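# Coordinate inspection notes
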Amino acid sequence: MNPLWLSHFTATSSIGRGLQQTLSALREERGGLVPCAFDTVDLPTFVGEVTGVDAVALPAPLAAFDCRNNRLALLGLTQDGFTEAVAAASQKYGAHRIGIFIGTSTSGILQTELAYRRLDPSTGAFPPDFAYRTTHNTFSVADFTRHHLALAGPAVVVSSACSSSAKVFASARRMMAAGLIDAAVVGGVDSLCLTTLYGFNSLGLTSSQACRPFDVERDGISIGEAAAFALLEPLPEHLSDDAVLLLGFGESSDAHHMSSPHPEGLGARMAMQDALAMAGLDAADIDYINLHGTATPSNDAAETRAVAALFGPATPCSSTKGATGHALGAAGGLEAVICALALQHGLMPAGLNTQALDPALPLNYLLHNVEQPVRRVLSNSFGFGGTNCSLIFGRAG
C-alpha cells in the first residue's frame, strides 16, 4: 500500500492528557492504575480513570450529546492543537472530503445506566431528559466528533470490541484508496461504566491488583478509559525525518469462540502476517512490538504463540496496558499514538507491573525502557469473538 501520514495525533488516558504528559509518564515508567472508586462500583480491582472528565462542559449547541464518553472525546480532541489541525485540513480538502472513523465498545452506555436509577416509579419510563440516540447509541461518539470538528464527510463507528480503534485505520485507508475522501480523522473513545466493570468481573477476568501482562502470576485485566485521535493524510511532497507513517495493516477473525482467543493465536498470526505483507516487510524489519497483552492467562499465552511463530524470541516487545489499563474500544488508538511516540523519540516503553516473566512465554519482553532509534513498530489489538487487527507504523527518516 501507499503509506499514509499521521500528520497530527493526540492521546488522553490515565497516564496523561496530551502527548507531553503521555511521553513523560512513559519515560518515567509511571503508570495510571489506581484502586477502583468509580461511581458506585464496589469491586476489588484497579482502573485507569481519566481525571476531570465529569468537569468537562460540552458547548451549548452540542448539549444533547452530553455523556461521559463524549466529554472524554472532547477532552481528547482539545489536546495538542488537534481540533485546529483538522480545521486547517478542512480548509485544504473541504469539510465533505474528510471522513471520521471512531472505535468504541460501549460508547455512552453509562448514561443509560444512570437513567435506570431515575425510572418513573409508576410507569417504569425513562426520565424525559434521557436521549439514547445522542449518548448511548454507538454512533453517538462519531456524530459528536463530526459536529465538534465541523466536518461533513462520511462518519463511521467501528465496534468490534478491543480491536475497534485499530480497525478504524484500515477502514479509513480503504475509503481513501477508493477516492471517496482525501483525509480522515481516526481514533477511539471508550469510558468507564458499570457494564464493563461488573461484566468483566463476572467473567473472572479482572485482577484485584494493577494488571501484570506476561507475568507468571498474571490474573486478569485492569480496565481503563481513553480518547485518542490521529489525522491521516496522503504523503506530502516533503516530509520531516520524524514523520510517522501508517505502512500496513492486517485484519482477521479467529472464528473460534465468543470470548476466548484461538489457543494457538491463529487469527492473531494471520493479522500480523497480512500487515507485514501489505507493508512489504519481513519480520526482521520490525524493531518493537506493542503487544495486545491484556494480562489474562489465555490471551497472553495465545499472543505469545502467534508472535513467536513469526518473530521468534528476539524482537523487543511489551504491553503498555500495565500503565494505562485496557481501554477496550479505545486501546488500539491509544497504543497507535504510543507507537508514534516510540518512533519519534526512540523509546521502547517498559511493560509496567510485571515482576517475574512467565517462563512458558518466550518473548523478549521489556521490563524497563529501552532508548534507541526505532524505525518500524507493530501494534496488536485483539478483541472478543476473535476479531484481530495489527498495524505497522514507520518513521519517515
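In what follows, the structure referred to is the one given above.
Let me begin by describing the structure that accompanies this report. (Residues numbered from 1 in each chain as written. Predicted model: local features only at pLDDT ≥ 70, side-chain atom pairs only at ≥ 80, totals over all residues. Heavy atoms only, no water.)

This part takes up empty space enclosed by the protein. For the structure shown, the criterion picks out one cavity of 30 Å³ or more. In this model, the largest cavity occupies a volume close to 50 Å³. Ala25, Leu26, Glu29, Arg30, Thr320, Ala323, Pro349, Ala350, Leu352 and Asn369 are the residues that line the largest cavity. Per-class residue counts for the lining of the largest cavity are six nonpolar, two polar and two charged. (1 Å grid on protein atoms, 1.4 Å probe; cavity = no way out; pocket = protein on both sides within 12 Å on 5 of 7 lines; lining within 4 Å. Points joined across faces, edges and corners; volume = space filled by probe spheres on them. Nonpolar A, V, L, I, M, F, W, Y, C, P; charged D, E, K, R; others polar.)

Here the focus is the environment of Gln91. Mapped onto the fold, Gln91 is located in helix 3 (residues 82–93). Given the relative accessible area of 72%, Gln91 is considered exposed. (Helix = DSSP H or I, 4+ residues; strand = E, 2+ residues; numbered from the N terminus. Buried < 20%, exposed > 50% of the residue type's maximum accessible area, 1.4 Å probe, protein only.)

Another aspect to go through is the sheet that holds strand 8 (residues 223–224). The mixed open sheet is built from three strands, whose spatial order is 3-4-8. Either end of the sheet is taken by a strand with one partner, and the two such strands are strand 3 (34–35) and strand 8. Strand direction decides the pairing type here: strand 3 and strand 4 (residues 46–48), joined by two bridges, are antiparallel. Bridge assignment links Val34 to a residue of strand 4, and that residue is Val47. (Pairing = 2+ DSSP bridges.)

In this section: the pairing of strand 17 (residues 387–395). With eight of nine residues buried, strand 17 is to be regarded as a mostly interior element. When strand 10 (residues 244–253) meets strand 17, the two strands line up antiparallel, connected through nine bridges. Bridge pairing in strand 17 links Leu246 to Phe393. Pairing of strand 16 (residues 376–383) with strand 17, which is carried by eight bridges, proceeds in the antiparallel orientation. Its bridge partner being in strand 17, Val377 is matched across the sheet by Phe393. Turn length for the strand 16-strand 17 hairpin, with the two strands adjacent in sequence and antiparallel, is three residues, and the turn residue Gly385 shows positive phi of about 80°.

It is worth spelling out the side chain of Asp143 at this point. By the element assignment, Asp143 lies in helix 5 (residues 140–149). The class for Asp143 is buried, based on a relative accessible area of 8%. Beyond its immediate stretch of four places on either side in the chain, Asp143 contacts Phe65 and Arg133. (Contact = heavy atoms within 4.5 Å.)

Along the chain, the position of Gly332 falls in helix 11 (residues 331–345). Considering only alpha carbons, one finds Gly332 and Asn2, 330 residues apart in sequence, at a separation of 21 Å. Beyond its immediate sequence surroundings of up to four residues, Gly332 is in contact with Ser165, Ala166 and Ser381.

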